[in-house]
Amino acid sequence: MARVELRQLRYFVAVAEELNFGRAAERLLIAGPSLSQQIKALERDLGVRLFDRDRRSVALTQAGAALLPHTRELLERADDLQRQAGRLSGSQPVRLGYVNWLPPELSSRTAAVARVHVDAWVAPSHTQAARVAGGSLDLAVCWVRTEDLERLGLRSRLLGADRLYAVAKGGGSNDTPDVAARDTDVLIDDDITSWASWNEYAEQLTHAVGARAVRVSDGAITGPAYFDHVRRCTRPVLNSPKGQTAPLPPDLVRREIVAPKVYWTWSLVWRENEDRTAVLAVVDALCDGVGDLGIHAPDAWLPAGDPYAHQG
């Protein structure tokens, strides 16, 4: 059997968790065709088919389902080996996790203060925050509430902010007027394991501004299925942070949300008892000079419990 790379195994786990090549590629920050080729190469090297896939769906095969827990265990052992080697070398890297967004020029901004290892296990915000609290990560870029920080024993600083927009069916012209927040639909998914942070945010938004909650059960907060929901809804649909950079299909248009402008914040979190100089230096290198990013404007909205909601 040909040599199997850890990178390919991480790709396998990502596709198995997303059951969607587009979302997995977005999560891994690689091109979709490249991900598909790597999975095919892994299947060829292993001698088994891992996924049944067609134009509409992706599903684990019996072999894929059987190999998934062993793959996760192998990757965890590889990560542990790397941590142990770091301790022995005296230059243990700072382990950074994220959801789907990282600050620009991360490497150049941190190179002078620490060796930063960006963890390949991309996971939802609540999972990454818990991993920092548990010690498997030193830092994470994620969305958190003040109560999450207190419960997990974490600290945070503002690292980034997305102004969310809505997506609507095109009207046959280039006119894309603003839409009031109360006149939007907000998707809330039944899968609280994957979408716990988004659902909490979305619930608060609908109650605060009067937007309409639309319950879904297909994981379509982002990706092609999200666009299908936009086509079915009669009102513009709020776009999540995971879909901020996704290109729109030609029949859909972007609508800026006003009254209020809706923001999602990205925090850099670390343990409140952290004493490693390298970790704290990375925090300063990434967060110093960030500013308020528009979130404290009079017409900006942040959910209650956002760590930065009441800072002037």
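For the structure itself, look to the data block above.
Numbering of residues starts from 1 in each chain and follows the order in which that chain's sequence is written. Confidence filtering applies because this is a predicted model: local features only for residues at pLDDT of at least 70, side-chain atom pairs given and counted only at 80 or more, and all residues used for totals across whole chains, interfaces and linings. Computation of side-chain values covers all heavy atoms of the structure but excludes hydrogens and water.

Draft legend 1. Representation of the layout of surface pockets in the model. For the largest pocket, the calculated volume is near 680 Å³. Lining the largest pocket are 31 residues, and of these Glu 18, Arg 27, Ala 123, Pro 124 and Ser 194 sit closest to its centre. Secondary-structure elements contributing two or more residues to the lining of the largest pocket are α1 (6-18), α2 (21-28), α6 (125-134), α8 (192-209) and β13 (261-271). Helix and strand assignments follow DSSP, with helices taken as H or I runs no shorter than four residues and strands as E runs no shorter than two, numbered in order from the N terminus. Element by element, the count of residues in the lining of the largest pocket is highest for α8, at 6 residues. Broken down by class, the residue content of the lining of the largest pocket amounts to 12 nonpolar, 10 polar and 9 charged. Size it by volume and the second largest pocket reaches roughly 330 Å³. Surrounding the second largest pocket, 14 residues form its lining, Leu 19, Asn 20, Arg 55, Arg 56 and Ser 57 being those nearest its centre. Mapped onto the lining of the second largest pocket, the elements with two or more residues apiece are α2 and α9 (224-232). Under this grouping Gly is polar, as are all residues other than the nonpolar Ala, Val, Leu, Ile, Met, Phe, Trp, Tyr, Cys and Pro and the charged Asp, Glu, Lys and Arg. Counted by class, the lining of the second largest pocket contains 5 nonpolar, 2 polar and 7 charged residues. Grid spacing is 1 Å over the protein atoms alone, the probe is 1.4 Å, and a cavity is where that probe fits but cannot get out, while a pocket is an open set with protein on both sides within 12 Å along at least five of seven lines and lining residues have an atom within 4 Å of a point. Grid points are joined across faces, edges and corners, and a volume is the space filled by probe spheres set on the points.

Draft legend 2. How the structure looks around helix α10 (residues 277-287). All buried positions along α10 are accounted for by Val 279, Val 282, Val 283, Leu 286 and Cys 287. Along the axis of α10, the buried positions cluster into a sector of 110°, meaning they face one direction only. Two residues or fewer after α10 comes Gly 289, characterised by a positive phi angle close to 80°. Relative accessibility decides the category of a residue: with a 1.4 Å probe and only protein chains considered, values under 20% of the type maximum give buried, values over 50% give exposed, and everything between is partly exposed. Arc definition: directions from the helix axis to the C-beta atoms.

Draft legend 3. Quick peek at empty space enclosed by the protein. All told, the structure shown has 2 cavities of 30 Å³ or more when counted by the stated rule. Reported here for the second largest cavity is a volume of approximately 40 Å³. Lining the second largest cavity, in full, are Arg 10, Val 13, Arg 27, Leu 75, Ala 120 and Trp 121. Classifying every residue of the lining of the second largest cavity gives 4 nonpolar, no polar and 2 charged.

Draft legend 4. Local environment of the packing of α1 against helix α3 (residues 32-46). Lines fitted to C-alpha atoms define the axes, with helix axes restricted to the stretch in contact, and inter-axis angles between N-to-C directions lie between 0 and 180 degrees. Remark: α1 packs on α3, axes separated minimally by 9 Å, with the N-to-C direction vectors making an angle of 110°. With respect to each other, α1 and α3 are oriented roughly perpendicular. Residue-level contacts link Arg 7, Gln 8, Leu 9, Tyr 11, Phe 12 and Val 15 of α1 to Leu 35, Gln 38, Ile 39, Ala 41, Leu 42 and Asp 45 of α3. Looking at side-chain class alone, the contact of α1 with α3 contains 8 nonpolar, 2 polar and 2 charged residues. Orientation labels follow simple angle bins: below 35 degrees gives roughly parallel, above 145 gives roughly antiparallel, 65 to 115 gives roughly perpendicular, and whatever is left gives oblique. By definition, residues are in contact when any of their heavy atoms lie within 4.5 Å.

Draft legend 5. Local environment of the pairing of strand β10 (residues 212-216). As judged from the 5 bridges shared by strand β9 (residues 185-189) and β10, these two strands associate in the parallel manner. Bridge pairing in β10 links Asp 189 to Val 216. Convention used here: a crossover is right-handed provided that the path from the first strand, over the helix, to the second strand proceeds clockwise when the strands point away from the viewer. Between β9 and its parallel partner β10, the chain crosses via α8, and the hand of that crossover is right-handed. The pairing criterion is simple: DSSP has to find at least two bridges between the two strands.

Draft legend 6. Broad picture of the environment of Leu 139. Relative to the helices and strands, Leu 139 resides in strand β5 (residues 139-142). Take Leu 139: its relative accessible area is 0%, and that puts it in the buried class. Taking the C-alpha atoms as reference, Leu 139 lies 33 Å from Ala 181; in sequence the two are 42 residues apart. When neighbours within four sequence positions are excluded, Leu 139 is seen to be in contact with Val 94, Arg 95, Leu 96, Gly 97, Val 132, Leu 268, Val 269, Trp 270, Val 279, Val 282 and Val 283.

Draft legend 7. Expanded view of the packing of aromatic side chains. Side-chain rings of Phe, Tyr and Trp (the six-membered ring for Trp) are treated as a pair once their centres are within 6.5 Å; stacked means planes under 30 degrees apart, edge-to-face means over 60, and tilted covers the remaining angles. Throughout the structure, instances matching the rule amount to 11 aromatic pairs. Between Phe 21 and Phe 51, the ring centres sit 6.1 Å apart and the planes meet at 70°, which makes this aromatic pair edge-to-face. Here the residue Phe 21 occupies a position in helix α2, and Phe 51 occupies one in strand β1 (residues 51-53), the gap between them amounting to 30 residues. For the pair shown, Phe 21 and Phe 51 are each scored as buried. Consider the rings of Trp 198 and Trp 264, whose centres lie 6.0 Å apart with planes at 35°: the pair is tilted. Taken as a pair, Trp 198 in helix α8 and Trp 264 in strand β13 lie far apart in primary sequence, 66 residues in all. For the pair Trp 198 and Trp 264, a shared accessibility class is recorded, and that class is buried. Through pairs of rings, three or more aromatic residues link up here, namely Trp 101, Trp 143, Trp 198, Tyr 201, Trp 264, Trp 266 and Trp 301. Here Arg 254 stacks its cationic end above the ring of Tyr 165, 3.8 Å away from the centre of that ring. Any Lys NZ or Arg CZ found within 6 Å of a ring centre and within 35 degrees of that ring's normal is scored as a charge over the ring.

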